[in-house]
Amino acid sequence: MPDVLVTIDGRQVEARAGTTILDACRRLAIDTPTLCQLDNLTPVNVCRVCVVELDGSRVLVPACSRKVEEGMKIHTDSARVRHSRRLVLELLASSVDMSLCSAQVQGWMARYEAVPSRFGAEAATVAQPVKVDNDLYVRDYSRCILCYKCVEACGVDAQNTFAIGVAGRGFDAHISTEFDVGLPDSACVYCGNCIGVCPTGALMFKSEHDMRAAGTWDESRQTVTETVCPYCGVGCMLELRVQDNSIVKVTSPLDNTVTSGHLCVKGRFGFQFVQRREPKATT
Amino acid sequence: MDIRTTGGPATAEEVAAVDGLLGPPEAVHHHLAYGGRMLRTRRHLLLPVLHAIQDRAGWVSRGALEYACRRLSIPPAEAYGVVSFYARFALEPRGDVALHVCDDIVCSLAGVEKPEGARLAPCLGLCDRAPATLTERFGAVYEAVQTPSSQPSGYPGARLLRRIGVVDPDSIDSYLQHGGFSALKRAREMGPAAIIDAVTRAKLLGRGGAAFPTGRKWQSVADAPVRPHYLVCNADESEPGTFKDRVLMEGDPFALVEGMAIAAFATGCEKGYVYVRAEYPLARRRVENAIALARERGYLDFEIEVRRGAGAYICGEETALFNSIEGKRGEPRNKPPFPVEVGLFGKPTLPNNVETLVNVLEIVGGEFADTRLFCVSGHVLRPGVYEVPMGTPLRGLIEMAGGLAPGRTMQAVLLGGAAGSFLTPEQIDVPLSFEGVRGIGATLGSGAVMLFDDTADMRQVLLRIARFFRDESCGQCVPCRVGTKRQEEILERMFERRDGDSRADVMLLSDIAQAMRDASICGLGQTAANAIASGLTQLKVLDA
């Protein structure tokens, strides 16, 4: 593919045709906020926090999915861009509990001077009880920003299980199984790939959820041990998160060529045999 | 993909409804031999199947939905996402009758009476008969009845409307007697290039609201190398205060079919769809009948299928409409790519509004006069559709519609529907042309003209508009999903509770408006603050 030349914030950059404005911004080390974008998922461009100003375009365009074109003139820090990014962060944080988002997200909130409280104390939220219907993971949709990542990971972008989808519409849109049945009654195979892509902690290992509830979750005391999953011959790379000599969570790196960050139920949740301490019952 | 269903069996009635549309189930060995692949090519039939279930049973039960999922190889979670997206599908049992009572802008002015058990509905497109209702009767024979019209009258001197009230809309012979299909004959003599050239030279602009040059769109589709090409007639007329496409389809359905035949011939479309909103049962029936009769007489050499919407304003947005035809949630797609390159089923697609297509008959017939249909409603003596030359002053249009009731004074005009903007009485000399209204920061939009006299409570009107957008936002992108919600909350605080700092709230609304305009995916979010912003500046709704 031939390269195209685009101008971002007055700096020219060569970008390969077919890549996105976000890719080009990254080449220039311009930190662009993203929430619904992930390198191993198809862009859905729904959160709109990555919008940039494009000369000749009436509206702002999403950097994560808009492809570069020869001669594009792009502004990533104009007043309009800053305004929309700020509002997107404020609108989200005023309706969703974003306290477990990464430090990077908190940094964007500070950079764009987002004040979610300015919509007033009675602004509607998506607060609701945590869904705990199985032993492996919990769903806390009061933390859900509706980034569609879990639906994509459950669907064609990774697992092809289609256990969840977006239901309802407007402010009432939400992630759901069919008729909101519990996961055991759904098509869920507990691969946990939805947890792997969730940016807000809405989807969480039950082990982590229980430890947080008990006040014992402490990432500063956790170590990461890299290993290869022992179950089958695929050779998925695992990152075992260990606290107090117990595995509390399992992940896989996004850039791993074998997994692209995705695992199956065994690699993700089948770690108890490593640390089972009670003597095996004898018959 | 395994379809896991745990909801229990469908009733015999529900199975019959689904099988009535899809045919009897394939044998098990068929599924084993072909997998779900063949079944999944029928994914686009999900909405027709859901309608078949609901028409028969009155609602969509879990068992029925899961049976449809097995028949079409659709994951139940995905199908649930679809059925819960559309306002017209009920997921709880209800009786054999559903009464929908319009409580939108114009019908509210006329006074809404909601009987026990009725559902309030956004604009039913019957503003000339306000207050409007739609009654559905479910069962083996489904029936939907709209508020009846007063006797249809003719439109002397009109061009686009000239056959309405004159021809029998159910008779192709009547249409032929009034010059029907002569434009199609002429178009076939001209050839595709000459037709597109004529449309381009006529400077026809799309009548759906976005006013895109029709000729340019046709040329792009004609030039698209990928096959097949699709023609999609957007008859999902859902902009509050708009009912011109309904009047055209109900009164002159063959003209739409003829316009589609010309468009398909000129741009090389192999298949056409008419997407008619669910609230227009009579229009749908007449268009279906017109297609069948035109085919029978050999006027149609390509297939046209009529699809029924399911209660979603957003499906008037072209890419949301494509998704809806494909059996998905009506969520708009990001553009580019544009429909002329990647549209319905990923193929080059020509989306045109009903009125746009009817205009083509005039152009090909060499009689194009660039008139425009306006839907005048609200506080006016003779609400209805009026056809006037482009550039007619708004005042003249209002006078044609009989003006206000005696003794009343005008408070405001809402031009372009809920996505439009408010004009003050001082602005009604504006010429009704695209450039004319742009001069005062307004748009013609879909041609809705709603009048409010001094008795109207404009705060309630603004609140209704805010509620409309909160209801109709698809929920996909953050600025619109949360922005429309906040917009409604702030207006409630300003107008109903009056416990906030209204100057700060106006600033807050303006901040939200700018983000919605700049960062929303589609035209709904981009215009969801327009009418409210113009109302706050143009009307005396703020406390002094």
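How each quantity is defined
Residues numbered from 1 in each chain as written. Chains lettered and ligands numbered in written order. Predicted model: local features only at pLDDT ≥ 70, side-chain atom pairs only at ≥ 80, totals over all residues. Helix = DSSP H or I, 4+ residues; strand = E, 2+ residues; numbered from the N terminus. Rg over C-alpha atoms; globule rule 2.2 N^0.38 Å. Contact = placed C-beta atoms within 7 Å. Buried ≥ 20, exposed ≤ 12 C-beta atoms within 10 Å, placed from the backbone. Pairing = 2+ DSSP bridges. Axes fitted to C-alpha atoms, helices over the stretch in contact; angles between N-to-C directions. Domains from an automatic or database assignment. Nonpolar A, V, L, I, M, F, W, Y, C, P; charged D, E, K, R; others polar. pLDDT = per-residue confidence, 0-100. Parallel < 35°, antiparallel > 145°, perpendicular 65-115°, else oblique. Left-handed = near helix turned anticlockwise from the far one by under 90°. Expected span 1.5 Å × (residues − 1). Core = buried A, V, L, I, M, F, W, Y, C linked by C-beta atoms within 7 Å.

Quick look at the overall build of chain B
Thinking step 1. Of the regular secondary structure elements, chain B holds 23 helices and 13 strands.
Thinking step 2. Since a compact globule built from 544 residues should have a radius of gyration of about 24 Å, the 23 Å found for chain B is in line with a globular shape.
Thinking step 3. Projected onto its principal axes, the C-alpha positions of chain B cover 75 × 60 × 45 Å.
Thinking step 4. Contacts spanning at least 24 positions in sequence make up 71% of the contacts within chain B whose residues lie at least 6 apart.

Some remarks on the overall build of chain A
Thinking step 1. Across its full length, chain A carries 7 helices and 12 strands.
Thinking step 2. A compact globule built from 283 residues would reach a C-alpha radius of gyration of about 19 Å, and chain A, at 21 Å, matches this within 12%.
Thinking step 3. Of all 283 residues assigned to chain A, the portion counted as buried reaches 46%.
Thinking step 4. Contacts in chain A between residues at least 24 apart in sequence constitute 54% of all its contacts with a sequence separation of at least 6.

Details of the sheet that holds strand β1 (residues 3-8) of chain A
All names here are of chain A.
Thinking step 1. With mixed pairing, 5 strands are arranged side by side in an open sheet as β2-β1-β5-β3-β4. What marks the edges here is a single partner per strand, and that holds for β2 (11-16) and β4 (61-62).
Thinking step 2. Two strands pair when backbone bridges link them, and strand β3 (residues 51-54) and β4 are joined in this way by 2 bridges, in the antiparallel orientation. Across the sheet, the residue bridging to valine 51 is proline 62, located in β4.
Thinking step 3. Sitting on the sheet, helix α2 (residues 79-95) touches β3 and β5 (73-75), and the angle it makes with β3 is about 160 degrees.

A closer look at the domain arrangement of chain A
All names here are of chain A.
Thinking step 1. Its domain assignment divides chain A into domain 1 (1-122) and domain 2 (137-274).
Thinking step 2. A separation of 26 Å is found between the C-alpha centroids of domain 1 and domain 2.
Thinking step 3. In the side of domain 1 that touches domain 2, the residues fall into 12 nonpolar, 2 polar and 2 charged.

Describing the interface of chain A and chain B
Thinking step 1. The interface is formed by 42 residues belonging to chain A together with 39 residues belonging to chain B.
Thinking step 2. At the level of elements, α2 and β7 (165-167) of chain A are the ones that each hand at least two residues to the side of chain A that touches chain B.

Let's talk about the domain arrangement of chain B
When the parts of a complex come together, some accessible area is lost, and that lost area is often taken as the interface size.
Residue and element names in this part refer to chain B.
Thinking step 1. Its domain assignment divides chain B into domain 1 (12-83), domain 2 (97-146), domain 3 (172-364), domain 4 (371-453) and domain 5 (458-538).
Thinking step 2. On a C-alpha basis, the centroid separation for the pair domain 2 and domain 5 is 26 Å.
Thinking step 3. Facing the 4 residues of domain 2 at the interface are 7 residues of domain 5.
Thinking step 4. Its residues placed into classes, the side of domain 2 that touches domain 5 shows 2 nonpolar, 1 polar and 1 charged.

Some details on the environment of Ala12(B)
All names here are of chain B.
Thinking step 1. Relative to the elements of secondary structure, alanine 12 occurs in helix α1 (residues 12-22).
Thinking step 2. Owing to 8 C-beta atoms within 10 Å, alanine 12 belongs among the exposed residues under this scheme.
Thinking step 3. Through-space distance from the C-alpha of alanine 12 to that of alanine 448 is 45 Å; in sequence the pair is 436 residues apart.

Observations concerning the confidence of the model for chain B
Thinking step 1. Averaged over all residues, the pLDDT of chain B is 95; the fraction at 70 or higher stands at 97%.
Thinking step 2. Interface confidence for the predicted complex, expressed as ipTM, amounts to 0.96; the pTM equals 0.96.

Re the pairing of strand β3 (residues 133-137) of chain B
All names here are of chain B.
Thinking step 1. The sheet contact formed by strand β1 (residues 97-102) and β3 spans 5 bridges and is antiparallel. Its bridge partner lying in β3, leucine 99 is registered against threonine 135.
Thinking step 2. Pairing of β3 with strand β4 (residues 143-146) involves 4 bridges; the strand directions are antiparallel. Paired with threonine 135 across the strands is valine 145, a residue of β4.
Thinking step 3. Taking the residues that link successive antiparallel strands as the turn, the β3-β4 hairpin has 5 residues, and the phi of glycine 139 there is positive, at about 145 degrees.

Some details on the sheet that holds strand β6 (residues 269-276) of chain B
All names here are of chain B.
Thinking step 1. As summarised here, the arrangement of the 4 strands in space is β7-β6-β5-β8, forming an open sheet in which the pairing is parallel. The sheet terminates laterally at β7 (303-308) and β8 (349-353), the two strands that pair on one side only. The mean angle between the axes of side-by-side strands here comes to 20 degrees, regardless of whether they run parallel or antiparallel.
Thinking step 2. The pairing of strand β5 (residues 229-235) with β6 spans 7 bridges and is classified as parallel. Looking at β6, one finds that alanine 235 is bridged to valine 276.
Thinking step 3. In this fold helix α13 (residues 253-267) packs onto β5, β6, β7 and β8, with an angle of close to 150 degrees to the strand it touches most, β5.

Structural notes on unusual backbone geometry
Thinking step 1. Cis geometry marks the peptide bond from Ala130(B) to Pro131(B), where omega comes out at 0 degrees.
Thinking step 2. The omega torsion of the bond from Lys335(B) to Pro336(B) falls at -5 degrees, within 30 degrees of zero and hence cis.
Thinking step 3. Residue position: Pro336(B) is located in the loop between α15 (318-325) and β8.
Thinking step 4. Here the phi dihedral of Asn160(A) falls at roughly 55 degrees; this positive angle occurs in a residue that is not glycine.
Thinking step 5. Examined against the element boundaries, Asn160(A) turns out to sit in the loop between α4 (149-154) and β7.

Considerations on the packing of helix α5 (residues 62-72) of chain B against helix α6 (residues 76-83) of chain B
All names here are of chain B.
Thinking step 1. Where α5 meets α6, the closest approach of the two axes is 10 Å, and the angle between their N-to-C directions is 120 degrees. Here α5 lies oblique to α6, going by the angle between them. Relative to α6, α5 is oriented so that their crossing is right-handed. Contacts from Leu65, Glu66, Ala68 and Cys69 of α5 reach α6 at Pro76, Ala79, Tyr80 and Val83.
Thinking step 2. Taken together, the residues of the contact of α5 with α6 break down into 7 nonpolar, no polar and 1 charged.

A short note on the packing of helix α9 (residues 182-190) of chain B against α13(B)
Relative orientation and spacing of two packed helices are given, respectively, by the angle between their axes and the distance between those axes.
Residue and element names in this part refer to chain B.
Thinking step 1. Contact geometry for α9 and α13: axes closest at 9 Å, N-to-C directions at 10 degrees. On the basis of the axis angle, α9 is roughly parallel to α13. Facing Ala183, Leu184, Ala187 and Arg188 of α9, the residues of α13 in contact are Glu258, Ala261, Ile262 and Phe265.
Thinking step 2. Class assignment of the residues belonging to the contact of α9 with α13 gives a composition of 6 nonpolar, no polar and 2 charged.

Digging into helix α21 (residues 502-519) of chain B
Thinking step 1. Over its 18 residues, α21(B) runs 25 Å from end to end, which matches the ideal 26 Å to within 8%, given 1.5 Å per residue.
Thinking step 2. Looking at α21(B), one finds that the buried residues are Leu509(B), Ile512(B), Ala513(B), Ala515(B), Met516(B), Arg517(B), Asp518(B) and Ala519(B).
Thinking step 3. Looking at the buried positions of α21(B), the neighbouring elements they touch are β3 and α2 of chain A together with α20 (478-497), α22 (523-527) and α23 (530-538) of chain B.

Examining the environment of Arg162(B)
Residues and elements named next belong to chain B.
Thinking step 1. Here arginine 162 lies in the loop between β4 and α8 (172-177).
Thinking step 2. Judged by the 19 C-beta atoms lying within 10 Å of it, arginine 162 falls in the partly exposed class.
Thinking step 3. Each C-alpha atom, one on arginine 162 and one on alanine 64, is 46 Å from the other, the two residues being 98 residues apart in sequence.

Description of the nonpolar core
Residues and elements named next belong to chain B.
Thinking step 1. Counting residues in hydrophobic clusters, the biggest one holds 253 residues, and the most contacted among them are Ala68, Cys233 and Leu256.
Thinking step 2. Here this core gets 10 residues from one element, more than from any other, and that element is α13.
Thinking step 3. Look past the residues within four positions of alanine 68 in its chain and what remains in contact with it is Val18, Val49, Leu50, Ile53 and Ala79.

Quick word on the environment of Ile314(B)
All names here are of chain B.
Thinking step 1. Inspection of the secondary structure assignment puts isoleucine 314 in the loop between β7 and α15.
Thinking step 2. In sequence terms isoleucine 314 and proline 332 are 18 residues apart; their C-alpha atoms lie 7.8 Å from each other.
Thinking step 3. Those residues in contact with isoleucine 314, other than ones at most four positions away along the chain, are Ala320, Gly330, Pro332, Glu472, Cys474 and Leu524.

Details of the pairing of strand β10 (residues 222-228) of chain A
All names here are of chain A.
Thinking step 1. Counting buried positions along β10 gives 0 out of 7 residues, so the element sits mostly on the surface.
Thinking step 2. Across 7 bridges, the pairing between β10 and strand β11 (residues 237-243) is antiparallel. Paired with threonine 223 across the strands is valine 242, a residue of β11.

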